[in-house]
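Take a look at the letters that make up each chain.
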Amino acid sequence: MRGAFIVVEGLDRSGKTTQVANLQAKLESSGTPVKLFKFPDRTTAIGQMIDSYLRSQSELDDQAIHLLFSANRWELATSIESLLEQGTTVVCDRYAFSGVAFSAAKGLPLEWCRAPDSGLPAPDLTIFFDISPEAARARGGYGEERYEKEQLQRRVRELFDVLASEFDDERWVTVDAGRSKEEVAGEVWKYAAALVGKVSPQVDKLWVP
Ligand code: Z5A
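Criteria and thresholds
Residues numbered from 1 in each chain as written. Predicted model: local features only at pLDDT ≥ 70, side-chain atom pairs only at ≥ 80, totals over all residues. Near = placed C-beta within 6 Å. Helix = DSSP H or I, 4+ residues; strand = E, 2+ residues; numbered from the N terminus. Nonpolar A, V, L, I, M, F, W, Y, C, P; charged D, E, K, R; others polar. Buried ≥ 20, exposed ≤ 12 C-beta atoms within 10 Å, placed from the backbone. UniProt positions renumbered as here; feature names shortened; annotations may be inferred. Pairing = 2+ DSSP bridges.

A. Spotlight on the site of the ligand. Near the ligand, the surroundings consist of 23 residues, among which D12, G15, T17, G99 and F102 are the closest. Of all the elements in the fold, those that place two or more residues in the shell around the ligand are α1 (16–29), α4 (96–105) and α8 (181–195). When its residues are assigned to classes, the shell around the ligand shows seven nonpolar, nine polar and seven charged.

B. Structural view of unusual backbone geometry. With omega at 0°, the peptide bond leading from F39 into P40 counts as cis. One non-glycine residue, R13, adopts positive backbone phi at about 65°. Note on placement: R13 falls in the loop between β1 (5–10) and α1. The buried category is assigned to R13, around which 23 C-beta atoms lie within 10 Å. Positive phi, close to 70°, is recorded for R94, a residue that is not glycine. Here R94 is to be found in the loop between β3 (89–93) and α4.

C. Looking closely at the UniProt feature "domain: Thymidylate kinase-like" (unreviewed entry) in the chain. Mapped onto this numbering, the UniProt entry annotates "domain: Thymidylate kinase-like" (unreviewed entry) at residues 8–185. As annotated, residues 8–185 has a helix share of 49% and a strand share of 13%, and its two end C-alpha atoms lie 12 Å apart.

D. Summary view of the pairing of β3. In terms of burial, β3 is largely enclosed, as five of its five residues are buried. Of the two faces of β3, both are covered, the one formed by T89, V91 and D93 as well as the one formed by V90 and C92. For strand β2 (residues 34–38) and β3, the ladder comprises five bridges, and the chain directions are parallel. Within the sheet, the bridge partner assigned to V34 lies in β3 and is T89.

This is how it looks when you write it as structure tokens:
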């Protein structure tokens, strides 16, 4: 049985990092082999360029940084697919949906943004963490990086809604991330536990008709 591919998406400070770590621990203790990915993966050469851009230590055209974010996923796509085929569940903190939502929020055409990620391994389930920009800001650390501005985050949220509308309830669920860590963890676990062990044998391709 192949592993499940679960992506957690959402706005800044919505608690993705907290919850993917929690989910990883729960899956491990339930005996499910699991591997965590986080995009951007700032450890690779491409990831270091992205990190420098996000910290405003370098400048890049919007198109160039968009393609770097996508390349950062492609450099790990084969690993993700192999792990899934070997039976390891993959949990991923942000993925191609962030890529499209953030770049389109800056004004790039949505279809142009989607094209470079077409053909990546498709998640079996995307869990979207919904939180108001006000609640996210109250969590601290908000405003340190380039995209952490309320107006942009609002536009990103609208674009996530557009992307979500293309999926059915089995592939995309929204979680109210403004609640306590325990409540959010409980709901995430409910969705993950229902999926693991029940995915179809083949890994689908994202945004391929
Ligand atoms: N980006 C892009 O443009 N294109 C792409 O293709 C991709 C990304 C993949 C960096 O992403 C930026 O890159 C991001 C999108 C863009 N820009 N923005 N905005 P990142 O994932 O590296 O960074 P991030 O989104 O800013 O993640 P984050 O700050 O680490 O937030 P988080 O992971 O969602 O939250 P957290 O670290 O788990 O929690 C934040 C704080 O809140 C922390 O103190 C927690 O203890 C606390 N917390 C968490 N949950 C709760 C609850 N439930 N209640 C109260 N407090 C909580």
